[in-house]
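Coordinates in review
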Amino acid sequence: MKSNFVMFLQRKTALLRNLARALFVAVMFGMSSTAMADQPQSAAATPRSLEADVQSLRKDVLELNKDLSALEEELLFPANTQVAVFLSLDVGAFFELDAVQVRLDNKEVANYLYTEREIAALNRGGVHRVFLGNVITGKHELVAFFTGKGPHGRDYKRGANLSFEKGQGAKYLELRISDRQSAQQPEFTVKEWE
Amino acid sequence: MKSRVTLGLLIGFAFFVGNVDAARRSLLLNPELPPPGPGALRAVAVRDLPYGDALFYFYAGDYETALERLQFADSAGRLSHHRDDAKLLIGGIELSRGDYIEAGKTFSEVLDHPNVPDNVKDRAHFYLGKTFFRRGFDAQAIDNLSAATHSTLPTDFDAERRMLLAESLLSVGRDADAVAILENWDTSSVWRAYAEFNLGVGLVRSGKFDQGAKILDGLGSREANSAESLTLRDQANVALGYALVQQHRSTEALAILARVRADGPQATRALLGAGWAASDAGNVREALAPWLELRGRDLLDPAVQESYLAVPYGYARLGAQAQAIAAYEQALSEFAAETSRLDQSIDAIRRGALAQAIEASAQTKGSVLAIDVAKVPAGRYLYRLLARDEFQAALQNWRDLSDVAKRLDLHGNDIEAYAELIAYRRQKFQSQLPSDLAALDRMNLDALVQRRTELEARVAEADDHADLAALGTPRQRAIWGELEHMETVIDRAGDASDPEIEDIAERVDFLKGYLYWELSDGFKSRVWSARKRLRDVNHLLRDSTRSAALVKAARSAVPAHIESLSGRLDAIRPKLESVHARASQLRDRELASVSELAVRELEAEKARIRDYVLEARYSLATLYDRASAPVPPQGGPAP
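Everything numeric in this text was worked out from a predicted model, so none of it was measured.

So, the pattern of salt bridges
Under the counting rule described, the total for this entry stands at 46 salt bridges over all chains. The residue A:Lys59 makes a salt bridge to B:Glu102 at a minimum N-O spacing of 3.1 Å. Of this pair, A:Lys59 sits in helix H4 (residues 45-76) while B:Glu102 sits in helix H6 (residues 100-112), each in a different chain. For A:Lys59, a relative accessible area of 45% corresponds to the partly exposed category. The partner of B:Asp53 in a salt bridge is B:Arg69, with the nearest N and O atoms 2.8 Å apart.

Thoughts on the sheet that holds strand E2 (residues 96-104) of chain A
To summarise the sheet geometry, strands pair through backbone hydrogen bonds and adopt either a parallel or an antiparallel arrangement. Residue and element names in this part refer to chain A. The strand order E3-E2-E5-E6 describes an open sheet built from four strands, whose pairing is antiparallel. Two strands lie at the open edges of the sheet, namely strand E3 (107-113) and strand E6 (155-166), each paired on one side alone. Shown here is a sheet whose adjacent strand axes are inclined to one another by a mean of 20 degrees, direction ignored. Inspection of the sheet shows E2 paired to strand E5 (residues 138-149) by eight bridges, in the antiparallel sense. Looking across to E5, one finds that Val-100 is bridged to Phe-146.

Things to note about the layout of surface pockets
Taken as a whole, the second largest pocket encloses approximately 1,200 Å³ of empty space. A:Asn80, A:Thr81, A:Thr137, A:Gln168 and B:Leu550 are, among the 31 residues lining the second largest pocket, the residues nearest its centre. Elements represented by at least two residues in the lining of the second largest pocket include exactly H4 and E6 of chain A together with helix H21 (389-443) and helix H25 (523-628) of chain B. The dominant element in the lining of the second largest pocket, judged by the number of residues it contributes, is H25(B), at eleven residues. Its residues assigned to classes, the lining of the second largest pocket shows 13 nonpolar, ten polar and eight charged.

Some points on the environment of B:Leu244
Residues and elements named next belong to chain B. By the element assignment, Leu-244 lies in helix H13 (residues 227-246). For Leu-244 and Ile-256, which are twelve residues apart along the polypeptide, the C-alpha to C-alpha distance reads 8.9 Å. In this structure, Leu-244 is in contact with Phe-209, Arg-249, Glu-252, Ala-253 and Ile-256, ignoring residues within four places of it in sequence.

A few points about the packing of aromatic side chains
What describes a pair of aromatic rings is the distance from one ring centre to the other and the angle between the planes of the rings. The final tally for this structure, using the stated rule, is 22 aromatic pairs over all chains. Taken together, a centroid distance of 4.7 Å and an interplanar angle of 55 degrees make the contact between A:Tyr112 and A:Tyr114 tilted. The class of A:Tyr112 is partly exposed, set by a relative accessible area of 26%. For A:Tyr114, a relative accessible area of 9% translates into the label buried. Between A:Phe146 and A:Phe188, the ring centres sit 4.8 Å apart and the planes meet at 25 degrees, which makes this aromatic pair stacked. Placement of the pair is A:Phe146 in strand E5 and A:Phe188 in strand E8 (residues 185-193), with a sequence separation of 42 residues. Judged by relative accessible area, A:Phe146 falls into the buried class, the value being 0%. Through a chain of ring-to-ring contacts, the aromatic side chains of A:Phe95, A:Phe146, A:Tyr156 and A:Phe188 assemble into a single cluster. The aromatic ring of A:Trp193 is capped on one face by A:Lys191, whose charged end is 4.1 Å from the ring centroid. One Lys or Arg, B:Lys512, reaches over the ring of B:Trp480 and ends 5.0 Å from the middle of that ring.

Here is what the cut-offs are and how they apply
Residues numbered from 1 in each chain as written. Chains lettered and ligands numbered in written order. Predicted model: local features only at pLDDT ≥ 70, side-chain atom pairs only at ≥ 80, totals over all residues. Heavy atoms only, no water. Salt bridge = Lys/Arg side-chain N within 4 Å of Asp/Glu carboxyl O. Helix = DSSP H or I, 4+ residues; strand = E, 2+ residues; numbered from the N terminus. Buried < 20%, exposed > 50% of the residue type's maximum accessible area, 1.4 Å probe, protein only. Pairing = 2+ DSSP bridges. Axes fitted to C-alpha atoms, helices over the stretch in contact; angles between N-to-C directions. 1 Å grid on protein atoms, 1.4 Å probe; cavity = no way out; pocket = protein on both sides within 12 Å on 5 of 7 lines; lining within 4 Å. Points joined across faces, edges and corners; volume = space filled by probe spheres on them. Nonpolar A, V, L, I, M, F, W, Y, C, P; charged D, E, K, R; others polar. Contact = heavy atoms within 4.5 Å. Phe/Tyr/Trp six-rings, centres within 6.5 Å; stacked < 30°, edge-to-face > 60°. Lys NZ or Arg CZ within 6 Å of the ring centre and 35° of its normal.

So, in structure tokens, the structure goes:
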């Protein structure tokens, strides 16, 4: 004869098994993998509303940043004096960039040491704005020094320069490092953008 | 007895399904992987530098800065050549952050433009399809993923497109179309492996066992080289093995489960399944070997937990009641200790230990937040939680919000500096303007312009009439004038026969001739120099005229501009304060949510153990009941 405790456990276990079977059916046949993938969106009520609040905040922050950037540029770098210097890499088989120094009218305005991650970003097509500043209208000279590893892994330092005329509009200059296949050497140029 | 097999299958199958899903989503949400978009952009030469600048931050993993730069450049009209690329990039970042609705809007905007090139169309359809897939809109996902077929997608994107399309098709019941996607698809692609796994499991779930088993078998027997492929192969074998056990095809199940690597993360599930397969075939003694092997392993593993019930179950089936009772009691003791440790951990988390560990980890630099869970009491339970996407997404949100709050702090400083700058400019302009205007009046530009015009006329006249003296040096012009004056005096004297006067006239003629020769030599060069100097004067006058016009225009424009900047700044200030307060509040809520997630995870763990405890108690009670009955024990000898 079974004890009451055992009978209680039997009933409880039968209940659990039924629950388990229901869950099993749900897991095996009910939910598709897509539904599983969407679970985070419909998990609990609190995270969902929190997520919505976070998205809304992100939007407002971006909007605010946009307004601030516009104001900052107008205040600090108005177009009639603005000059920006960018750096780009094309291929880079003959030169591994470490750092760049930019001199404008014989004054050092930027000195940037690149991380591996940033070099990878340049190699993938990113263009780094090395300097943003102001100059008066008229003639100016830009000189850039690039340091890194040249062909055969040797220390390598090269320069490039450009004389340019600053007009009323913003001036964009691009320091470009590319490979000169014919000479098996890197090439450093400065391009003036209109 | 079958109910136990079912329970075993339930736990094993439910866990591997959950884990694979997590594994797949981890791949999609891995912060180390850039969100979709950049691969196809590498081939595009950058034609707008601000776009390249945003790409730089994007590739460097700083998505917030990339997004800010893109949106600012777009609003300033500086992305004329990369408008569509920029939209795709913005949408890709939104998608990676889980902002599906905004991402969907962004991609739809790209497709709404007329004359969209095929490569842009393909990418927009791919992302839009992915967005619909993530939101669970399968029909729209299928439409878009099927439309991205101009062969312009990079290999990885196309592989992911196929996988998502196959899963969407499976979701709407188009099994044959889903399976057809696998045809002509490179078997080395890890995306194909994910697609095969999900299709195989989906088909088995929907009752199409043979079809699903064939796909899982193909994946499970394929050569794999990468860690990811090996894990997927093991998961396919575990899935198929459990499905075969469910079909009571134990011999086949054992063969499939034997393919699972003994040192891989699926090994415990394979051992548990192998035990159930042997048990189902009536070979209980064989089943005990893998189950006993599991008992020595980490009790955090659900397969190990289940082995604590499986072992005494095996003993009981063999009639070894004493061992069975001892094993159940050991299981109850282990489960009780585990529950107690879980309680400790839950209590510590509720008292803020996890939040503190997360705050401490934020001090260390790096793209991945390394939380030192050892600082949380009984923190070992949290390692599995850390690997979950939901937890990682919440952590990432918390980290983003912390960064946002820091940036907003800096913006607060900037705003104060800008306000000072504006005030300084206002004051400077007001004090400077009167003196500038007075200097302008003194300059009398009109008179200077008039003098320049007269000089131009004089040079032209000298050139036309070969007036050599006009362009001579002041000394030459003085001597020439003196000699002409002397000639006049000689003429006035009238006596040409006077030898003295004649001598003087001859000397004057000689000197005039000499000076004429000197003035004519280099005359054209002097005309050219004079004109060049006048051109320089023209440039200077033009600059001066422009400056004068600017100063005059500035008299009204500058105060208006300064007031406009001041107004904009005043409008930004309250927005900044409001956003800053919200960011700080959300950051705290997110941290609380992370802790809550951890507690929920541990409570679920406790609930599972509670079920095991109930099962163990029931079985133990049954055994005691039988032992107290006068009937001798049934079954084979104990091992």
